[in-house]
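Structural features, examined
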Amino acid sequence: MATSNTRPSVSRRTALAGLGTGGLGLALAAGSRGAAAQDTASEMAKHPIVGVWMATTRTGPAPSIFSPDGTVTIARPVTQAGPQGVVFVSSEVGTWEPTSARGVHFTSVHLQSDANGTYTGSVTIDGHPTVSEDGQTFVDDSPDSGPTIRDAAGNVVAAPRGQPPVTGIRMGVGSPGFPAGTPTAGTPTA
């Protein structure tokens, strides 16, 4: 008994039409995802956290920039004392996302090194600030906020929670955002 080697053939026109339809579907899907991403970015740009803040933390002032693209940059003192002794720290960088009309959750990281420049670990900060109705201050008193301290191998050394609240004042030209009564650079002290 002989078997037939004939296969159904697909014309070039049918194949091209199928590819064109598939390509159109992919283009439409990509376009809708792009529009959704643009809508999210547009909404984030309107969030009241966007801007430059002078945060006051347990360890001192921390100028902070919350950018409309969801990134955050926080400046810290160059040295800090902690579970691993006195260390040198980098700037803190991370991301944020809205949790409500005035609240956000951010996660940022700064790296630590000893006096010889040897990497000794990192600190990850999770914060949950809420901006006031007038948009000029924020407070973070969330029990979920706080640092996670890691050694050079990435092991968690400490993760204290229940820290004192962090507050922030929006910075502006001629208004550095320090709380009333705090001396600023160039201000004479008694």
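Residues numbered from 1 in each chain as written. Predicted model: local features only at pLDDT ≥ 70, side-chain atom pairs only at ≥ 80, totals over all residues. Heavy atoms only, no water.

Observations regarding the pattern of salt bridges
- Within this structure, the stated rule accounts for 2 salt bridges.
- Here Arg76 ties to Glu92 by a salt bridge, and the two come within 2.7 Å at their closest N and O atoms. Of this pair, Arg76 sits in the loop between strand 3 (71-74) and strand 4 (79-82) while Glu92 sits in strand 6 (residues 92-98); the two residues are 16 residues apart in sequence, bridging distant segments of the chain. Here Arg76 and Glu92 have matching classes, each one buried. (Salt bridge = Lys/Arg side-chain N within 4 Å of Asp/Glu carboxyl O. Helix = DSSP H or I, 4+ residues; strand = E, 2+ residues; numbered from the N terminus. Buried < 20%, exposed > 50% of the residue type's maximum accessible area, 1.4 Å probe, protein only.)

Observations concerning the environment of His110
- Assignment of secondary structure puts His110 in strand 7 (residues 104-113).
- In this structure, the C-alpha to C-alpha distance between His110 and Arg76, residues 34 residues apart in sequence, is 8.9 Å.
- Separated by 3.1 Å, the side chains of His110 and Glu92 make a polar contact. (Polar contact = N/O pair within 3.5 Å; in protein donor to acceptor, adjacent residues only side chain to side chain.)

Quick notes on a nonpolar patch on the surface
- Taken together, the side chains of Val109, Leu111 and Tyr119 define a hydrophobic patch exposed on the protein surface, amounting to about 250 Å² of accessible area.
- As for its position among the elements, Tyr119 is in strand 8 (residues 119-127).
- Given the relative accessible area of 40%, Tyr119 is considered partly exposed. (Patch = residues over 30% accessible without salt bridge, like charges linked within 9 Å, V, L, I, M, F, W, Y side chains within 5 Å. Areas by Shrake-Rupley, 256 points an atom, 1.4 Å probe, with all protein chains shown as cover.)

Section: the nonpolar core
- Core analysis: the biggest nonpolar cluster contains 16 residues, and Ile49, Trp53, Phe66, Val72, Trp96, Phe106 and Phe138 have the highest contact counts within it.
- Within the residue set of this core, elements represented by two or more residues are strand 1 (51-57), strand 2 (60-66), strand 3, strand 7 and strand 8.
- If we ignore the near neighbours within four places in the chain, the residues touching Phe106 are Phe66, Val72, Ile74, Thr95, Trp96, Ile125, Asp126, Gly127 and Pro129. (Core = buried A, V, L, I, M, F, W, Y, C linked by side-chain atoms within 4.5 Å. Contact = heavy atoms within 4.5 Å.)

Describing the pairing of strand 2
- Looking at chain direction, strand 1 and strand 2 are connected through 7 bridges and run antiparallel. Following the sheet pairing, Ala55 is matched in strand 2 by Ala62.
- Counting the residues between successive antiparallel strands, the hairpin from strand 1 to strand 2 contains 2 residues.
- The loop that links strand 2 with its antiparallel partner strand 3 comprises 4 residues; one of these, Gly70, has a positive phi angle of about 90°. (Pairing = 2+ DSSP bridges.)

So, the pairing of strand 1
- Counting buried positions along strand 1 gives 5 out of 7 residues, so the element sits mostly inside the fold.
- Bridge count for strand 1 against strand 13 (residues 166-170) is 4 bridges, and the pairing is antiparallel. Along strand 13, the bridge assignment pairs Ala55 with Gly168.

Concerning the packing of aromatic side chains
- Under the defined criterion, the tally for this structure stands at 2 aromatic pairs.
- When the centroid spacing of 5.1 Å and the interplanar angle of 65° are considered together, the rings of Trp53 and Phe138 count as edge-to-face. Taken together, the residues Trp53 in strand 1 and Phe138 in strand 10 (residues 137-140) connect sequence positions 85 residues apart. (Phe/Tyr/Trp six-rings, centres within 6.5 Å; stacked < 30°, edge-to-face > 60°.)

Some points on the environment of Ser132
- Positionally, Ser132 belongs in the loop between strand 9 (130-131) and strand 10.
- Spatially, the C-alpha atom of Ser132 lies 9.7 Å from that of Ile49, the residues being 83 residues apart in sequence.
- Only 2.6 Å separates the side chain of Ser132 from the side chain of Asp134, close enough to count as a polar contact.

Re the side chain of Arg170
- Note that Arg170 resides in strand 13.
- For the buried residue Arg170, which engages in no salt bridge, the nearest side chain bearing the opposite charge is Asp134, 7.6 Å off.
- Here Val50 takes part through its backbone oxygen, which lies 3.0 Å from a polar atom of the side chain of Arg170.
- A distance of 2.8 Å separates a polar atom in the side chain of Arg170 from the backbone oxygen of Gly135.
- If we ignore the near neighbours within four places in the chain, the residues touching Arg170 are Pro48, Val50, Gly51, Val52, Trp53, Gly135, Gln136, Ser175 and Gly177. (Lys, Arg positive; Asp, Glu negative; His and termini not counted.)

Thoughts on the confidence of the model for the protein
- Confidence in the prediction for the protein averages 79 pLDDT; 70% of positions are at 70 or higher.
- Scored below 50 in pLDDT, residues 183-190 shows 3 contacts in the model against residues more than four places distant or in partner chains. (pLDDT = per-residue confidence, 0-100.)

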